[in-house]
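# An overview of the molecular structure
As a plain string of letters, each chain reads:
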Amino acid sequence: GISIKQSYDEAVKLDRMAAEQGYALAQNNLGACYGEGHGVEQSYTEALKWYNKSIEQECDVAYANLGEYYEKGNGVPKDYNKALEFYNLAFEKGYENAKEGIDRVTAILNGGNVESTATHSDNEQEYIETLKEIIAEDGEITDRERRLLEKLRTKLGISESRAKELEDALAN
C-alpha cells in the first residue's frame with residue numbers, strides 16, 4: 001500500500017482556499033484546525049468565526065462543534081442550554097453523532113433542578129414561568145394553550161425537543 005503522511009499544513013491550505021470560496025464543510029474543517037491548533041496557531045476566536053460561517057450555510061457538523069464549545073466553555077461562556085440547542089440542531093439536520101452530545105448534556109442538566117434559574121437561559125425561564133401559569137389553572141394544557149405555547153417557543157428560539165424536556169421536567 002501507499003503511505004501518505006498526514007500534513008496539517010497542507011490540509012489548512014486546501015481548506016482555507018475552499019472555505020474562502022464559501023464551501024461549508026471546508027469552513028467547518030478550518031474551524032476544527034484552529035480549535036485544535038492543527039497546522040495553525042490554536043485560536044478559539046478563529047475557530048468560532050469559521051464554525052459560524054459554516055452554520056450560516058446549515059452545515060450539520062458545525063452545529064455540533066459549536067455545541068461542544070458551549071458544553072466545554074471553549075472560547076465562549078460554558079452554557080449547557082446553548083450546547084443542547086446546538087446539538088439538537090445538528091441532530092435535526094441529520095448529524096447522528098450529535099446524539100452523544102445531546103445525551104451527555106441532557107444528563108448534566110437533569111442532574112440539576114428544573115426550578116433552578118442557574119441552568120436555564122432567560123428565554124427558557126420565561127417559557128417555564130408561562131408553562132407553570134397554564135398548568136396552575138387546571139392542571140392541563142388545552143389545544144388553545146398549546147398553540148400559544150408553540151408561538152412563544154418559536155418567538156423565544158427554543159427547539160421543540162428542548163421545550164418538551166422543560167415540560168417533562170416540570171411535570172415530574
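Conventions we followed
Residues numbered from 1 in each chain as written. Predicted model: local features only at pLDDT ≥ 70, side-chain atom pairs only at ≥ 80, totals over all residues. Heavy atoms only, no water. Helix = DSSP H or I, 4+ residues; strand = E, 2+ residues; numbered from the N terminus. Buried < 20%, exposed > 50% of the residue type's maximum accessible area, 1.4 Å probe, protein only. Contact = heavy atoms within 4.5 Å. Lys, Arg positive; Asp, Glu negative; His and termini not counted. Charge placed at Lys NZ, Arg CZ, Asp CG, Glu CD. Expected span 1.5 Å × (residues − 1). pLDDT = per-residue confidence, 0-100. Axes fitted to C-alpha atoms, helices over the stretch in contact; angles between N-to-C directions. Parallel < 35°, antiparallel > 145°, perpendicular 65-115°, else oblique. Left-handed = near helix turned anticlockwise from the far one by under 90°. Nonpolar A, V, L, I, M, F, W, Y, C, P; charged D, E, K, R; others polar. Phe/Tyr/Trp six-rings, centres within 6.5 Å; stacked < 30°, edge-to-face > 60°. Disulfide = S-S within 2.5 Å.

## Quick word on the overall build of the protein
Each helix and strand in the protein was counted, giving nine helices and zero strands. The N-to-C order of helical and strand elements in the protein reads α-α-α-α-α-α-α-α-α. With the C-alpha coordinates of the protein rotated into their principal frame, the extents come out at 70 × 35 × 30 Å. Burial statistics for the protein: of 172 residues in total, 38% are counted as buried. Across the protein, every contact between residues at least 6 apart in sequence was considered, and the portion connecting residues at least 24 apart equals 49%. The centroid of the 20 positive side-chain charges in the protein is displaced by 3 Å from the centroid of its 34 negative side-chain charges.

## Topic: helix 7 (residues 122–138)
Helix length check: helix 7, at 17 residues, gives a terminal C-alpha distance of 26 Å against a target of 24 Å (1.5 Å per residue), a fit within 8%. For helix 7, the full list of buried residues reads Glu 124, Gln 125, Tyr 127, Ile 128, Leu 131 and Ile 134. Structurally, helix 7 contributes buried residues whose contacts are with helix 5 (80–92), helix 8 (143–156) and helix 9 (160–171). At the exit of helix 7 stands Gly 139, carrying a positive phi of roughly 80°.

## Examining the confidence of the model for the protein
For the protein, the average pLDDT comes to 87, and 91% of its residues sit at 70 or higher. The weakest mean pLDDT in the protein belongs to helix 9 at 81; the strongest belongs to helix 3 (residues 44–55) at 97.

## What to know about the packing of helix 2 (residues 24–36) against helix 3
One way to put it is that helix 2 packs onto helix 3 with a least axis distance of 7 Å and a crossing angle of 165°. Judged by the angle between their axes, helix 2 and helix 3 are roughly antiparallel. By crossing handedness, the relation of helix 2 to helix 3 is classed as left-handed. Every residue of helix 3 that contacts helix 2 at Ala 24, Gln 27, Asn 28, Leu 30, Gly 31, Ala 32, Tyr 34 and Gly 35 is listed here: Tyr 44, Glu 46, Ala 47, Trp 50, Tyr 51, Lys 53 and Ser 54. Taken together, the residues of the contact of helix 2 with helix 3 break down into eight nonpolar, five polar and two charged.

## Re unusual backbone geometry
Positive phi, normally seen in glycine, also occurs at Glu 58, with a value near 65°. Positionally, Glu 58 belongs in the loop between helix 3 and helix 4 (60–72). Overall, the relative accessible area of 44% leaves Glu 58 in the partly exposed class.

## A closer look at the packing of aromatic side chains
Per the stated rule, a full pass over the model turns up four aromatic pairs. Where Tyr 63 meets Phe 86, the ring centres are 6.4 Å apart and the plane angle is 35°; that geometry is what we call tilted. Here the residue Tyr 63 occupies a position in helix 4, and Phe 86 occupies one in helix 5, the gap between them amounting to 23 residues. As far as the burial class goes, Tyr 63 and Phe 86 line up, both buried.

## Overview of the state of the cysteines
Scanning all chains against the criterion turns up zero disulfides. Just so you know, Cys 33 is unpaired, no disulfide at all, and the nearest cysteine sulfur is the one on Cys 59, 14 Å from it.

## Topic: helix 1 (residues 8–20)
For helix 1, spanning 13 residues, the distance from its first C-alpha to its last is 18 Å, which sits close to the expected 18 Å at 1.5 Å a residue. Contacts made by the buried residues of helix 1 are with helix 2 and helix 3. Once helix 1 ends, the next one or two residues include Gly 22, with phi positive near 95°.

## Quick word on the environment of Ala 163
Note that Ala 163 resides in helix 9. For the pair formed by Ala 163 and Gly 75, sequence separation is 88 residues and the distance between their alpha carbons is 27 Å. Contact partners of Ala 163, with chain neighbours within four places excluded, come to Tyr 127, Arg 153 and Ile 158.

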